[in-house]
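Each chain, written out:
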Amino acid sequence: QVQLVESGGGLVQAGGSLRLSCAASGSVFSIGTMGWFRQAPGKQRELVASITTSGTANIADSVKGRFTISRDNARNTVYLQMNSLKPEDTAVYYCSSKVPWATSYSNWGQGTQVTVSS
């Protein structure tokens, strides 16, 4: 079992920055790709960014050039650096992970609220 705990959310003005962190514990040997999802009120959860164990990152087009994902395998932590934030980035952000051989994410954090004011 893997436990994921997010931190770093909050309220920020448009144009500002936040860095989210997600610390993994438990059966960390089973963690493959990690990802950040977000869900805004009334919308479906969407994948924002993902990163493999070797550091290959994928960023959604909606945040490309503004968000960066990184990973510290020694600390079992993944980060999401969010710059030039926009009001439409307001959402609950979730950290997730999947085992290396899986196609779907199976472990989820509790989520952290990010609110961007205009």
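This text goes with the structure placed above it.
Nothing here was measured: the structure is a model prediction, and the numbers come from that model.

Cut-offs applied
- Residues numbered from 1 in each chain as written.
- Predicted model: local features only at pLDDT ≥ 70, side-chain atom pairs only at ≥ 80, totals over all residues.
- Heavy atoms only, no water.
- Phe/Tyr/Trp six-rings, centres within 6.5 Å; stacked < 30°, edge-to-face > 60°.
- Buried < 20%, exposed > 50% of the residue type's maximum accessible area, 1.4 Å probe, protein only.
- Lys NZ or Arg CZ within 6 Å of the ring centre and 35° of its normal.
- Disulfide = S-S within 2.5 Å.
- Helix = DSSP H or I, 4+ residues; strand = E, 2+ residues; numbered from the N terminus.
- Pairing = 2+ DSSP bridges.
- Axes fitted to C-alpha atoms, helices over the stretch in contact; angles between N-to-C directions.
- Core = buried A, V, L, I, M, F, W, Y, C linked by side-chain atoms within 4.5 Å.
- Contact = heavy atoms within 4.5 Å.

Chemist: Looking at this model, I keep getting lost on the packing of aromatic side chains. Mind explaining?
Modeler: Where two aromatic rings form a pair, the distance of their centres and the angle of their planes describe that pair. For the structure on display, the rule yields 3 aromatic pairs. Consider the rings of Y105 and W108, whose centres lie 6.5 Å apart with planes at 50 degrees: the pair is tilted. We classify Y105 as buried; its relative accessible area is 16%. Classification of W108 as partly exposed rests on a relative accessible area of 34%. Grouped by ring-pair contacts, the aromatic residues F37, Y105 and W108 constitute a single cluster. Residue placement shows R45 over the ring face of Y94; its charged tip is 3.9 Å from the ring centre. Of note, R45 hangs over the ring of W108, and the distance from its end group to the ring centre comes to 4.7 Å.

Chemist: Can you help me understand the state of the cysteines in this one?
Modeler: Covalently bonding the sulfur atom of one cysteine to the sulfur atom of another cysteine gives a disulfide. Following the criterion strictly, the structure yields 1 disulfide and no others. Between the sulfur atoms of C22 and its disulfide partner C95 the distance amounts to 2.1 Å. Handedness here is read from the sign of the S-S torsion; for C22 and C95, about -80 degrees, the answer is left-handed. Here C22 is found in strand β3 (residues 18-26), whereas its partner C95 is found in strand β9 (residues 91-97), with 73 residues between them in sequence. Accessibility assignment for this pair places C22 and C95 in one class, buried.

Chemist: Could you clarify how one ought to interpret the sheet that holds strand β8 (residues 77-82) in this entry?
Modeler: Paired through backbone hydrogen bonds, the strands of a sheet run either parallel or antiparallel to each other. Spatial strand order, β1-β3-β8-β7: 4 strands in an open sheet with antiparallel pairing. Unpaired on one side and paired on the other, β1 (2-7) and β7 (67-72) mark the two borders of the sheet. The sheet shows a mean angle of 15 degrees between the axes of neighbouring strands, taken without regard to direction.

Chemist: Help me out: how do you make sense of the nonpolar core in this one?
Modeler: Soluble, globular proteins show a tendency: their nonpolar side chains are buried together. One finds W36, F67, V78, L80, M82 and Y93 to be the most contacted residues of the largest nonpolar core, which totals 27 residues. Leave out the neighbours within four places in its chain, and Y93 touches E6, L20, W36, F37, R38, V48, F67, L80, M82, G111, T112 and V114.

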